[in-house]
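Structural characterization, general
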Amino acid sequence: MRYFTRPPVPAAEIRPAVAADVPAVRAVTDAAYHPYIERIGVVPQPMEADHAANVAAGRVFVTGEPVDGLVVVEALRDHLFLDSIAVHPDARGRGVGRRLLAFVEARARALGLSEIRLYTNAMMWENQQIYPKYGYEVVERRVDGPYDRFHYRKRLE
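To keep things clear, this report deals only with the structure shown in the data block.

What counts, and at which threshold
Residues numbered from 1 in each chain as written. Predicted model: local features only at pLDDT ≥ 70, side-chain atom pairs only at ≥ 80, totals over all residues. Heavy atoms only, no water. Helix = DSSP H or I, 4+ residues; strand = E, 2+ residues; numbered from the N terminus. Rg over C-alpha atoms; globule rule 2.2 N^0.38 Å. Pairing = 2+ DSSP bridges. Axes fitted to C-alpha atoms, helices over the stretch in contact; angles between N-to-C directions. Contact = heavy atoms within 4.5 Å. Phe/Tyr/Trp six-rings, centres within 6.5 Å; stacked < 30°, edge-to-face > 60°. Buried < 20%, exposed > 50% of the residue type's maximum accessible area, 1.4 Å probe, protein only. Salt bridge = Lys/Arg side-chain N within 4 Å of Asp/Glu carboxyl O. Expected span 1.5 Å × (residues − 1).

Within the chain, the regular secondary structure consists of five helices and seven strands. Shown N-terminal to C-terminal, the secondary structure of the chain runs as helices and strands in the order β-α-α-α-β-β-β-α-β-α-β-β. Radius of gyration (C-alpha) of the chain: 16 Å, near the 15 Å computed for a compact globule of 157 residues. For the chain, the spread of C-alpha atoms along the principal axes amounts to about 60 × 35 × 35 Å.

Looking now at the sheet that holds strand E4 (residues 80-87). Strand pairing in a sheet is mediated by backbone hydrogen bonds. Such pairs are either parallel or antiparallel. Taken in spatial order, the seven strands make up an open sheet running E1-E2-E3-E4-E5-E7-E6, and their pairing is mixed. A strand with exactly one partner marks an edge of an open sheet, and here the two such strands are strand E1 (14-16) and strand E6 (137-144). For this sheet, the mean angle separating the axes of adjacent strands, direction not counted, is 30°. Sheet topology note: the strand E3 (residues 69-75)/E4 ladder contains seven bridges and is antiparallel. Residue pairing across strands places Val73 opposite Leu82, the latter belonging to E4. Its contacts with the sheet place helix H1 (residues 22-33) against strand E2 (60-63), E3 and E4, and it is angled at close to 80° to E4. Against the sheet, helix H5 (residues 125-133) makes contact with E4, strand E5 (115-121) and strand E7 (147-155), and its axis sits at roughly 10° relative to E7, the strand it touches most.

A few words now on the packing of aromatic side chains. Inspection of the entire model under this criterion finds four aromatic pairs. Ring centres 5.6 Å apart and planes at 55° place the aromatic pair Tyr131 and Tyr152 in the tilted group. Here Tyr152 lies in strand E7 and Tyr131 lies in helix H5, a separation of 21 residues in the sequence. Taken as a pair, Tyr131 and Tyr152 share a single burial class, namely buried. Taken together, Tyr131, Tyr136 and Tyr152 form an aromatic cluster joined through their ring pairs.

Taken as a whole, this structure holds 15 salt bridges when the rule is applied. Arg142 serves as the salt-bridge partner of Asp144, at 3.2 Å between the closest nitrogen and oxygen. Assessed through its relative accessible area of 25%, Asp144 is described here as partly exposed. According to the relative accessible area criterion, Arg142 is partly exposed, its value standing at 36%. A salt bridge links Arg149 to Asp144; its shortest N-O distance comes to 3.4 Å. Because the salt bridges share partners, they merge into one network encompassing Asp78, Glu115, Arg117 and Arg155.

In this structure, E6 lies alongside E7, joined through seven bridges in antiparallel fashion. Bridge pairing in E7 links Arg141 to Phe150. With antiparallel pairing between neighbouring strands as the criterion, E6 and E7 make up a hairpin whose turn holds two residues, including Gly145 at a positive phi of roughly 60°.

Next up on the list: helix H4 (residues 96-110). Look at H4: 21 Å from first C-alpha to last across 15 residues, which is about the 21 Å you get at 1.5 Å a residue. Of the residues making up H4, those classed as buried are Val96, Leu100, Leu101, Phe103, Val104, Glu105 and Ala108. Where H4 terminates, the next one or two residues include Gly112, which has phi positive at roughly 75°.

Structure below.
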């Protein structure tokens, strides 16, 4: 009996978002964050972001055709800030988030930055399990307005 295996599906390219991607960026962000509204009691900040302005500023990178994942990053003086990472619920479990996190790390290195910082809502328990697996450490817990957040960092070597 012969066993055949499928060739691996190539990883989708991660590319800078363009103006035509703004509706998809909004849709993926909303789909990814909507389930948290009831849990945290407020609309998650990424859902209220000015997606068009972020895309125009070169802060958004997308993957998939159609777009099924994205990151919003900002290069600051001494670190890369990961403002948002969103994976459409239909794409979960396919490594999209892992590839996006690897992209963020590569982007920080390419920009000569030795640290990545991010925060996540304290009520987004899943993230508190995910980020440490990728080398992020909690720096502090802080309340910013209606948001109770854990702040993380990852130092790059």
